[in-house]
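# Analysis of the macromolecular model
Given next are the chains, with one letter for each unit.
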Amino acid sequence: MESYENIHLNKREGQHLYIQLYKAIKEMVLGDVLKEGDRLPPVRKMSKMMEVNNVTVVKAYEILEQEGLVYKKIGSGTYVSHREKEIKDNLGEEVDSNKKITLMEQGQIKIEENMINFASATPSAELFPVEDFKKVLNEVLDRDKGYAFGYQEGQGYYPLRQILGEYVAQYGINTEIDNIQIISGAQQGIDLVSKALLSYGDYVIIESPSYTGAMAAFQSRGAKIIDIPLQEDGLNLDILEKKIQAYNPKLLYIMPNFQNPTGISYTQEKKEKLLELCSKYGVYIMEDDYLSELNYYSEDIGNLKQMDDEEIVVYVKSFSKIFMPGLRLGFMVIPGNLHGRLLRAKHTSDISTSGLLQRALELYLKRGTWQEHLRYMEKKYQERFDKMNDCIQRYMPTGVEVIKPKGGVNFWFKLPNNYSSQTLYEKVVKDNVVFAPGNLFYLDNQHGEYFRLSIAAVNLIEIETGMKILCRHIDSYINNQEPINRGSFIKPIL
Ligand SMILES: Cc1ncc(COP(=O)(O)O)c(C=O)c1O
């Protein structure tokens, strides 16, 4: 019991108490202070010791359980498990699933209603085509009645796959309907590919920085992750080839257009060479196309799948950024030889994606309402994109580097002289502006000098106001000026 007395939770610290408690216990597990099979104090006892309420302890225990660091015995209590610790010890430097899942926890930024939200790359609710979708939902219910609520086939509702086949043909992908797999969001697609292709200890190569949700999915399979720094036109292919030779990876995960978080796009030449390289070594590529539709100024947004003669590319498409994330709908265009494996993975995951929503989406796409909505989203986002570029030019202090994308919703910045974006975050959030600190997107949780601003959830007024606030803080932080006067800013009405 002695050891728990060393835990000191700080109510004034920005971090939630349950996160602080969870981290302290985790450290004790990983540091062998708590041994396999040790029983954690019961919730009530722990809450008394820590002088917090029961919910705080319950939440901390829940995260530890999700991470496999403890397990519950019904009616008996919560016990320490060293299984995850052993995975970490065995896999060495490249993979640290505990660290990453912790990040996922911490990465959930609390957004108050009146905040200017540059953190979230998801469209705000006022952009959703609710009325049009209501119409197609009602029509499906009238037309299909109870059939809309039966189990749908695992691969997806056939008419939807047909129409998606036509949709991707516009982007140069000619595929058989059989190679289209409906998924409950791109995140599920990434997870299914991980399940189907990766075994414990297999290597995966990713871009650095990368999408946190993908890293977490690979780690959940016990895969070892190698990250390669991105250049302004994509991955360095010489390094990639050396890593492939050295590690014989099963999979390369990339976002060739408007990468998350950097906004970087690969040149056509690089896309072709990358495909050649992976074909040569027999490495599958997962191509995550989460928003190439939002192209404003690029002529180079071809995808890898359209050139995939060797059938090594799994193309994963999300509708979350351009449509409605809560629908949890997406699709994959898969190599024919992965058909069975992916279908089995889908079955063990959720049997099938909601039949009602698939039918409604099919009708929505068929009506052409979709094209109208896409044009609307493009227009809205382009206005925001232009506004952001304008604000960067006008307000961003000298010394801050920015990668300017040609489309998408993300802008990637680097503070000078290793100034920390987490520290900046703590200052800016007090003025009701939030953004995503860069360390969240790195495997090693380092590189805090970077940060991402997204325009998905902010309107034009918020961009102007938010950028003024943010840039003043950056200026005051990196040039050590007097603290700024908070009272003088206009807070937008949301
Ligand atoms: C690059 C990338 N891939 C996949 C996803 C997950 O998308 P979905 O909502 O379709 O699961 C996201 C969500 O933010 C993302 O940024």
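Residues numbered from 1 in each chain as written. Predicted model: local features only at pLDDT ≥ 70, side-chain atom pairs only at ≥ 80, totals over all residues. Heavy atoms only, no water.

To continue, consider the domain arrangement of the protein. Reports of interface size often rely on the accessible area that becomes lost once the parts have come together. In terms of domains, the protein is made up of domain 1 (2–92), domain 2 (116–127 + 372–488) and domain 3 (151–366). Inter-centroid distance (C-alpha atoms) of domain 1 to domain 3 is 36 Å. (Domains from an automatic or database assignment.)

Once that is clear, we can look at the sheet that holds strand β6 (residues 224–231). Strands sit in the order β4-β11-β10-β9-β8-β5-β6-β7 across an open sheet of eight strands; the sheet is mixed. The open sheet has two edge strands with one neighbour each: β4 (180–183) and β7 (234–235). Note: strand β9 (residues 284–289) against strand β10 (residues 313–318), five bridges, orientation parallel. From the neighbouring strand, E287 faces β10, where its bridge partner is Y315. Sheet contacts for helix α7 (residues 158–169): β4, β10 and β11 (330–333); angle to β4, the most-contacted strand, approximately 110°. (Pairing = 2+ DSSP bridges. Helix = DSSP H or I, 4+ residues; strand = E, 2+ residues; numbered from the N terminus. Contact = heavy atoms within 4.5 Å. Axes fitted to C-alpha atoms, helices over the stretch in contact; angles between N-to-C directions.)

Inspection of the entire model under this criterion finds 24 aromatic pairs. Centre to centre, the rings of F385 and F411 are 5.2 Å apart; their planes meet at 40°, and the pair counts as tilted. Here F411 lies in strand β13 (residues 410–414) and F385 lies in helix α14 (residues 369–395), a separation of 26 residues in the sequence. Summarising the burial analysis for this pair, F385 and F411 share the class buried. Between Y442 and Y450 the ring centres are 6.0 Å apart and the planes differ by 40°, which places this aromatic pair in the tilted class. Overall, the relative accessible area of 5% leaves Y442 in the buried class. By relative accessible area, which is 19% here, Y450 ends up buried. (Phe/Tyr/Trp six-rings, centres within 6.5 Å; stacked < 30°, edge-to-face > 60°. Buried < 20%, exposed > 50% of the residue type's maximum accessible area, 1.4 Å probe, protein only.)

A separate point is the site of the ligand. Close to the ligand lie G185, A186, Q187, Y211, M255, N260, D288, Y290, S318, S320, K321 and R328. Note that an oxygen atom of the ligand is positioned 2.7 Å from one of the side-chain N or O atoms of S318. A distance of 2.5 Å separates an oxygen atom of the ligand from a polar side-chain atom of S320. Coverage of the ligand by the protein amounts to 90% of the 400 Å² it exposes when considered alone. Grouping the constituent residues of the shell around the ligand by class yields four nonpolar, five polar and three charged. (Near = heavy atom within 4 Å. Polar contact = N/O pair within 3.5 Å; in protein donor to acceptor, adjacent residues only side chain to side chain. Areas by Shrake-Rupley, 256 points an atom, 1.4 Å probe, with all protein chains shown as cover. Nonpolar A, V, L, I, M, F, W, Y, C, P; charged D, E, K, R; others polar.)

The next point concerns helix α8 (residues 186–197). The terminal C-alpha atoms of α8 lie 16 Å apart, and with 12 residues this matches the ideal 16 Å at 1.5 Å per residue to within 8%. Among the 12 residues in α8, nine count as buried, and that is most of the element. The set of residues buried in α8 consists of A186, Q188, G189, I190, L192, V193, S194, A196 and L197. (Expected span 1.5 Å × (residues − 1).)

Turning our eyes to something else, we now look at unusual backbone geometry. Residue S208 is joined to P209 through a cis peptide bond whose omega torsion reads 5°. One non-glycine residue with positive phi stands out, namely I351, at about 65°. Relative to the assigned elements, I351 resides in the loop between α12 (339–350) and α13 (355–367). Judged by its relative accessible area of 31%, I351 is partly exposed.

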